[in-house]
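# Examining the three-dimensional arrangement
Here is how the chains run, residue by residue.
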Amino acid sequence: MTVTLPPDYRPSEDEPFMNENMKEYFRQKLLSWRSELLRESDETLAHLQEGGLQEPDIADRASAETDRALELRTRDRERKLIAKIDAAIERIHDGSYGYCEETGEPITIRRLEARPIATLSIEAQERHERMERTHRED
């Protein structure tokens, strides 16, 4: 079934949670985000293939190498983010998108708008982070 969204559609708390429009809205949002990350990745690849570091000055060469390393780290984080986006799209297809993996409760629309790949409600995420800090301090 194909859902066509009105151009000004925004999910709201007043409509049934994860109805077809809402799922399609978040699916399009995730696909757009994924597409943007892939485009940036292609640009990085093209930039890196332009050539080696030809800077005659050692300070300029070091600066260029630092920039390249930072760009590669950023792309690696984005690669991991693409995997999370793909997982979120899969959750839309299997019907589990928008529900907390820990409690099964709906994740708020505001949280999904801010972080469409969220798998935990704010409360569950805060508990998770507290536990993480506690175990780190041990």
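Scroll up a little and you will see the structure.
Everything quoted here is computed from the prediction, not taken from an experiment.

Moving on: the overall build of the protein chain. Along its length, the protein chain carries four helices and zero strands. Taken from the N to the C terminus, the helices and strands of the protein chain come in the order α-α-α-α. Computed over C-alpha atoms, the radius of gyration of the protein chain comes to 20 Å, more than 25% over the 14 Å expected from 2.2 N^0.38 for 138 residues, which places it beyond the range of a compact globule. When each of the 138 residues of the protein chain is scored for burial, the buried share is 28%. Intrachain contacts of the protein chain at a sequence separation of at least 6 include 52% that bridge at least 24 residues. As presented, the protein chain carries roughly 9,700 Å² of accessible surface, and 49% of it is formed by carbon and sulfur atoms. Averaging the locations of the 22 positively and 32 negatively charged side chains of the protein chain gives two centres separated by 2 Å.

This part covers helix H2 (residues 58-94). Because an α-helix packs 3.6 residues into every turn, residues spaced three or four apart end up facing the same way. Its 37 residues place the ends of H2 54 Å apart at the C-alpha level, agreeing with the 54 Å of an ideal helix rising 1.5 Å per residue. In the core, the buried residues of H2 are packed alongside helix H1 (20-49). Looking at the residues trailing H2, positive phi occurs at Gly 95, about 90°.

Let us now look at the packing of H1 against H2. Contact geometry for H1 and H2: axes closest at 9 Å, N-to-C directions at 155°. Judged by the inter-axis angle, H1 sits roughly antiparallel to H2. For the pair H1 and H2, the sense of crossing is left-handed. Across the contact of H1 with H2, the residue classes tally to 14 nonpolar, four polar and nine charged.

The rules behind these values
Residues numbered from 1 in each chain as written. Predicted model: local features only at pLDDT ≥ 70, side-chain atom pairs only at ≥ 80, totals over all residues. Heavy atoms only, no water. Helix = DSSP H or I, 4+ residues; strand = E, 2+ residues; numbered from the N terminus. Rg over C-alpha atoms; globule rule 2.2 N^0.38 Å. Buried < 20%, exposed > 50% of the residue type's maximum accessible area, 1.4 Å probe, protein only. Contact = heavy atoms within 4.5 Å. Areas by Shrake-Rupley, 256 points an atom, 1.4 Å probe, with all protein chains shown as cover. Lys, Arg positive; Asp, Glu negative; His and termini not counted. Charge placed at Lys NZ, Arg CZ, Asp CG, Glu CD. Expected span 1.5 Å × (residues − 1). Axes fitted to C-alpha atoms, helices over the stretch in contact; angles between N-to-C directions. Parallel < 35°, antiparallel > 145°, perpendicular 65-115°, else oblique. Left-handed = near helix turned anticlockwise from the far one by under 90°. Nonpolar A, V, L, I, M, F, W, Y, C, P; charged D, E, K, R; others polar.

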